[in-house]
Amino acid sequence: MSAIGKGLKRRGRLMKEAVSPPRRNLDAVPAPRSGSAAETYTAPRAPRLVKSPVFVLSSVRSGSTLLRVLLNSHSRIRAPHEMHLRTLHVELTRDFTAEAMKALELDKEELEHVLWDRVLHLELIRSGKDVIVDKTPANTLIWPRLRRCWPDARHIVLLRHPGAVITSLTNRRTDPDHEAIRAEVLDYSEKLEEARQSLDAHVITYEELTAEPEKTTRGLCDYLGVPWESAMLDYGSKDHGTFRPQLGDWSSTIKSGRIQPARAADPEAKLPPRLADLAKAWGYPVE
């Protein structure tokens, strides 16, 4: 090809690139900038597939797994392992994603709520039951958001003597940090007290659940609007999935299939002042 021909070919290629710039790699575009109009938008609540789920609010090491398997033994109640809804997040990765969702009357929080609702609904449909219970203890820390998500949700507040919770956590951990454990129990206890005071919840204690399981589960069934079933007390004969870390209690006690007496708080252990106040408010004797 002559020098003139090569020059014309090169000129033509440059003109084509100027008219048709290379396609952007959409996945490489940075996340939305903070402070955008879409970020300040608050979406209305979308319709829920599960109108009135049930949440057990409790501290860790308070018997929520026992309560779960008792409820799950009912023919109409599905209480799966800990679902950890608060760790399910939606990420809006593009500048225009938030604007697109805003046009659909959705924002990041409401998208997460829709996801949470879908997870509960899917589990409920798969179970063939009509009441679903999530017993994840960390739900206690976000109970106001759960109420925003499901204004018609029902709540079971499960209490246990804070001293017994501290003892149980201390015994469970390999190298316990006693100060951190007390702080953790206080965090849960403060949120539990907020929920107890703010919600129209059904309040029970782990101690009464283990001492009088029939009476306590009858009260729970009345609250949930289902008839009591004696099979609830024979949870060991039912399949409740696996018992393993991060999904609930996995100790030999829960695996025994029998309701066993609650371990009492160490009478020698002195509670920090605020925990002692909360224990008294919940009806527990405190030295």
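Here is what the cut-offs are and how they apply
Residues numbered from 1 in each chain as written. Predicted model: local features only at pLDDT ≥ 70, side-chain atom pairs only at ≥ 80, totals over all residues. Heavy atoms only, no water. 1 Å grid on protein atoms, 1.4 Å probe; cavity = no way out; pocket = protein on both sides within 12 Å on 5 of 7 lines; lining within 4 Å. Points joined across faces, edges and corners; volume = space filled by probe spheres on them. Helix = DSSP H or I, 4+ residues; strand = E, 2+ residues; numbered from the N terminus. Nonpolar A, V, L, I, M, F, W, Y, C, P; charged D, E, K, R; others polar. Buried < 20%, exposed > 50% of the residue type's maximum accessible area, 1.4 Å probe, protein only. Arc of directions from axis to C-beta. Contact = heavy atoms within 4.5 Å.

**What to know about the layout of surface pockets**
Gaps left between atoms show up when a probe the size of a water molecule is rolled over them. The space that makes up the largest pocket amounts to roughly 940 Å³. Along the walls of the largest pocket sit 43 residues, with Arg-61, Ser-62, Ser-168, Arg-172 and Asp-249 positioned nearest its centre. Mapped onto the lining of the largest pocket, the elements with two or more residues apiece are α2 (64-72), α6 (162-172), α7 (178-198), α8 (206-211) and α10 (252-255). Examining the composition of the lining of the largest pocket, we find that six residues originate from one element, α6, more than from any other. In terms of residue class, the lining of the largest pocket is built from 17 nonpolar, 16 polar and 10 charged. Considering the residues around the second largest pocket, the lining is formed by 13 residues, among which Pro-267, Ala-269, Pro-285, Val-286 and Glu-287 are closest to the centre. For the lining of the second largest pocket, the per-class residue count stands at seven nonpolar, two polar and four charged.

**Digging into helix α11 (residues 273-281)**
Among the residues of α11, Leu-275, Ala-276, Leu-278 and Ala-279 are the ones counted as buried. Angular distribution of buried residues about the axis of α11 spans 165°; they occupy a single face of the element. Those residues of α11 that are exposed and aimed more than 90 degrees away from the buried face are Pro-273 and Lys-280. For α11, the secondary structure elements touched by its buried residues are α6 and α7.

This is a description of form; function is not addressed.
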